[in-house]
Number of protein chains: 2
Amino acid sequence: MTRARPGRRPGAPDTKGDILTAARTEFAAKGYDGASMRGIAARAGVDASLVHHYFRGKEKLFLAAMEIPFDPEVIAERVEGGPLATVGERAARTFFEIWGDPDRQGPLLAVLRSAMSHPDAARMLREFVTRSILSRVLLAFEGVPDAPLRAEAMVSHLIGVAIARYVVQLEPIASASDDEIVALIGPALQTYVDKALATKGLAAED
Amino acid sequence: MTRARPGRRPGAPDTKGDILTAARTEFAAKGYDGASMRGIAARAGVDASLVHHYFRGKEKLFLAAMEIPFDPEVIAERVEGGPLATVGERAARTFFEIWGDPDRQGPLLAVLRSAMSHPDAARMLREFVTRSILSRVLLAFEGVPDAPLRAEAMVSHLIGVAIARYVVQLEPIASASDDEIVALIGPALQTYVDKALATKGLAAED
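Definitions and cut-offs
Within every chain, residues take consecutive numbers counted from 1 along the sequence as written. Starting at A for chains and at 1 for ligands, labels are handed out in the order in which the entities are written. Local features in a predicted model are, by the rule used here, given only for residues with pLDDT of at least 70; side-chain atom pairs are given and counted only at 80 or more, and totals for whole chains, interfaces and linings are based on all residues. Working from all heavy atoms in the structure, the side-chain values ignore hydrogens and water. In summary, the pairing rule links any two rings of Phe, Tyr or Trp, Trp by its six-membered ring, whose centres are within 6.5 Å, and it sorts them by plane angle into stacked for under 30 degrees, edge-to-face for over 60 and tilted for everything else. In this text, helices come from DSSP runs of H or I with a minimum length of four residues, and strands from runs of E with a minimum of two, each type numbered from the N-terminal end. The buried label goes to any residue with under 20% of its type's maximum accessible area, the exposed label to any with over 50%, and the partly exposed label to all in between, with areas taken from a 1.4 Å probe on protein chains only. Should the NZ of a Lys or the CZ of an Arg lie within 6 Å of a ring centre and within 35 degrees of the ring normal, that charge is described as sitting over the ring. Superposition of the copies was done by least squares, using only C-alpha atoms of residues whose pLDDT is at least 70 in both. Contact criterion: two residues are considered in contact whenever any of their non-hydrogen atoms come within 4.5 Å of each other. By convention in these notes, a salt bridge is any Lys or Arg side-chain nitrogen within 4 Å of a carboxyl oxygen on Asp or Glu. Inter-axis angles, ranging from 0 to 180 degrees, are taken between N-to-C directions of lines fitted to C-alpha atoms, where helices are fitted over the stretch in contact. Working definition: roughly parallel below 35 degrees, roughly antiparallel above 145 degrees, roughly perpendicular at 65 to 115 degrees, and oblique for all remaining angles. Crossing handedness is defined as follows: a turn of the near helix away from the far one that is anticlockwise and smaller than a right angle gives a left-handed crossing, while the clockwise case is right-handed.

Asker: Just checking my understanding: could you explain the packing of aromatic side chains for this structure?
Answerer: Remark: the centre distance and the inter-plane angle together describe each pair of aromatic rings, the angle taken between the planes. Residues and elements named next belong to chain A. Per the counting criterion, the structure on display carries 18 aromatic pairs over all chains. Arranged with centres 4.8 Å apart and planes meeting at 75°, the rings of Tyr32 and Phe62 form a pair that is edge-to-face. Of this pair, Tyr32 sits in helix 1 (residues 15–34) while Phe62 sits in helix 4 (residues 58–65), and the two are 30 residues apart along the sequence. In this pair, the class of Tyr32 matches that of Phe62, namely buried. An aromatic cluster is built from Phe27, Tyr32, Phe62 and Phe128, whose rings are joined through pairwise contacts. Sitting over the ring of Tyr32, Lys58 keeps its end group 5.1 Å from the ring centre.

In structure tokens, the structure reads:
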């Protein structure tokens, strides 16, 4: 099935749309790790070089196919771009800047909803978060013991707050400003780094 | 619609089942706050005293109708039953004892899934969590500034970790033992109390 796009002539081939549709099917069937550009090209009936031409790589194709409204590279740069002593605050600020944008909130909630209800979608999300987000963010956690566990606890916390604010709409947390939320959540996130370093007799450097 | 129950004679009236069905409809239509025992009785076509006889009050009826597998009173006792200096650890331990029970995990995920996808269910969950859980748990937070915001951040964190562990199944957090999880999450939850008291120049007493 191709989707009609504004400006496209009726009956004209929508190669890009065909690739996105093939990608959604392939990612659902094989997960993020198992899917390949070659397999998606075959499913769309196009040459693999065309898929590369349009989407550059598997990650970009996944982001486009799932309509994920952020770039994991940019997130990683924000989380890495500062001292470990303020990583909690930076993670919270980056997260709520993205979620606070009404145009991005809908697609993000759709991904989360889908993962809550469909094991295939949960697997895709798990593999994508692990490969694309955590693996990059962990570069900022050099020297922190149990860094993967702690980074996942931080991400989990942020997701939980997003659900409380944007889905369940608990008050007063839903109506708090982003600045208040960052001031509230940042120190708890920071604990994950600080407590780990403290076990080594270290402190996060300013 | 009545559901057949084991041991019930075919055709025999299932008053309790009728009340539960009426309660689900009434809670969905009016929310937790708006629904009343009287309205549910009327919808089920029975006397209000019979609803009280079977379920004692609105909260117990809600727990039964939504198949919520824990008692908010017991949770509140656990969270209150100790010094404020260890409230984070107690909250984490209580939460993961309930979620770690396979018989209770399914119903809890069903409630969460439903809230993610249906605004009526989200409203019910919000009102129930506010009235039944937060209002009780907050009794343990006497003297903590911004206690409602901080308690909601704690609950949000726990829900986020449940999603990461039981739905998305991120590793290594999904396979960590409950003891490891309590040791990991407890100190971050505790931050919400400790930072608030620190702004008043106080510390949580052991």
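So that's the structure; there's more coming.
Asker: Sorry, what's going on with the relation of the copies chain A and chain B here?
Answerer: Related by rotation about an axis and a shift along that axis, the two copies of the chain form a pair. In the superposition of chain A on chain B (RMSD 0.0 Å, axial shift 0.0 Å), the rotation amounts to 180°. Such values leave the two copies arranged in the relation of a two-fold axis. Mapped onto chain B, 100% of the interface residues of chain A again fall at the interface, so both copies present the same surface.

Asker: Would you mind going over the pattern of salt bridges with me for this structure?
Answerer: Note on pairing: side chains with opposite charge can pair once their charged atoms come close. Residues and elements named next belong to chain A. Under the definition given, this model contains 23 salt bridges over all chains. A salt bridge links Asp178 to Arg165; the nearest nitrogen and oxygen atoms lie 3.3 Å apart. A residue pair is termed long-range when its members are at least 10 positions apart, and Asp178 in helix 10 (residues 178–199) and Arg165 in helix 9 (residues 147–167) qualify at 13 residues. Each of Glu59, Lys60, Asp71, Glu73 and Arg136 takes part in a single network of salt bridges with overlapping partners.

Asker: What is the right way to read the packing of helix 6 (residues 87–99) of chain A against helix 10 of chain A from this model?
Answerer: Two measures define how a pair of helices packs: the angle their axes make with one another and the distance between the axes. Residue and element names in this part refer to chain A. Across the interface, helix 6 lies against helix 10 with an axial gap of 7 Å and an inter-helix angle of 135°. Between helix 6 and helix 10, the angle is such that the two are oblique. Helix 6 and helix 10 meet at a crossing whose hand is right-handed. Facing Val87, Gly88, Glu89, Ala91, Ala92, Arg93 and Phe96 of helix 6, the residues of helix 10 in contact are Asp178, Asp179, Ile181, Val182, Gly186, Leu189, Gln190 and Val193.

In short, the description is geometric, and any link to function would need to be established separately.
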